[in-house]
Amino acid sequence: MDKLDLISKDILEKEFKIEELNKYYMGISSKLDSLTMRKKDYQEKQKRIFKIDMCPTCLQDVPESHKHNILNDAESNITKIKKEEEILSGEKIKLIKNLDSENLAISALEKQKRDLEL
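These numbers come from a predicted model, not from an experiment. (Residues numbered from 1 in each chain as written. Predicted model: local features only at pLDDT ≥ 70, side-chain atom pairs only at ≥ 80, totals over all residues. Heavy atoms only, no water.)

Caption draft 1: Just the overall build of the chain, in detail. Counting its regular elements, the chain contains 2 helices and 0 strands. In summary, the chain has a C-alpha radius of gyration of 25 Å against a globular reference of 13 Å for 118 residues, an excess of more than 25%. Viewed in the frame of its principal axes, the chain has a C-alpha envelope of about 85 × 20 × 20 Å. Taken over 118 residues, the chain has a buried fraction of 22%. Long-range pairs, those at least 24 residues apart, make up 80% of the contacts in the chain between residues at least 6 apart in sequence. (Helix = DSSP H or I, 4+ residues; strand = E, 2+ residues; numbered from the N terminus. Rg over C-alpha atoms; globule rule 2.2 N^0.38 Å. Buried < 20%, exposed > 50% of the residue type's maximum accessible area, 1.4 Å probe, protein only. Contact = heavy atoms within 4.5 Å.)

Caption draft 2: Representation of the pattern of salt bridges. By the definition in use, this model includes 8 salt bridges. In this structure, the salt-bridge partner of lysine 14 is glutamate 102, at a minimum N-O distance of 3.5 Å. Pair noted here: lysine 14 is in helix 1 (residues 3-51) and glutamate 102 is in helix 2 (residues 64-117), with a separation of 88 residues, a long-range link. Classification of lysine 14 as partly exposed rests on a relative accessible area of 25%. (Salt bridge = Lys/Arg side-chain N within 4 Å of Asp/Glu carboxyl O.)

Caption draft 3: Inspection of the packing of helix 1 against helix 2 at higher detail. Orientation of helix 1 relative to helix 2, taken along the N-to-C sense of each, is 160 degrees, at an axis distance of 7 Å. Taken together, helix 1 and helix 2 sit at an angle that is classed as roughly antiparallel. Classified by chirality, the crossing of helix 2 by helix 1 is left-handed. Class assignment of the residues belonging to the contact of helix 1 with helix 2 gives a composition of 26 nonpolar, 11 polar and 20 charged. (Axes fitted to C-alpha atoms, helices over the stretch in contact; angles between N-to-C directions. Parallel < 35°, antiparallel > 145°, perpendicular 65-115°, else oblique. Left-handed = near helix turned anticlockwise from the far one by under 90°. Nonpolar A, V, L, I, M, F, W, Y, C, P; charged D, E, K, R; others polar.)

Caption draft 4: Highlighting the environment of isoleucine 78. Note on placement: isoleucine 78 falls in helix 2. Taking the C-alpha atoms as reference points, isoleucine 78 and aspartate 53, separated by 25 residues in sequence, lie 24 Å from one another. In this structure, isoleucine 78 is in contact with Lys39, Tyr42, Gln43 and Gln46, ignoring residues within four places of it in sequence.

Caption draft 5: Looking closely at the nonpolar core. Counting 10 residues, the largest nonpolar core consists of Ile18, Leu21, Ile28, Leu32, Leu35, Ile81, Leu88, Leu95, Leu99 and Ile106. For this core, the elements supplying multiple residues, two or more each, are helix 1 and helix 2. Ignoring anything within four residues of it in the chain, the contact list for isoleucine 28 reads Leu88, Glu91, Lys92 and Leu95. (Core = buried A, V, L, I, M, F, W, Y, C linked by side-chain atoms within 4.5 Å.)

Caption draft 6: Spotlight on helix 1. Taking 1.5 Å as the rise per residue, helix 1 with 49 residues should run 72 Å; its terminal C-alpha atoms sit 72 Å apart, in good agreement. Where the residues of helix 1 are buried, they touch helix 2. (Expected span 1.5 Å × (residues − 1).)

Caption draft 7: Focus on the side chain of asparagine 77. Relative to the helices and strands, asparagine 77 resides in helix 2. For asparagine 77, the side chain forms a polar contact with the side chain of tyrosine 42, separated by 3.3 Å. (Polar contact = N/O pair within 3.5 Å; in protein donor to acceptor, adjacent residues only side chain to side chain.)

Caption draft 8: Summary view of the side chain of lysine 67. Inspection of the secondary structure puts lysine 67 in helix 2. Here lysine 67 is in contact with Ile49, Phe50, Ile52, Asp53 and Val62, once residues within four sequence places are set aside.

Here's what the structure looks like:
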């Protein structure tokens, strides 16, 4: 194998790696969107529960202690979601840096390839 073939092989490998990184990036973005929606749902639930004096299903009074239990549960879930979002955001940042690095490497390899072809 000559140098041109090796460079072409490296370019293909890098392109495959970028494709895999992009799939992973899309997965992380999708998870982050899902977490954002779940967090928003819990926040809306918190707002709604304070306004309820009577249960819409059984028409009984809703005690303050029950409201606080629901609020505490929602707050706990929101906290967990925020931690997950932080972790995924960190992974997303690393992934973006990795993608940039791979793209720069491909550019350099393609320049080498063009130089050799000349």
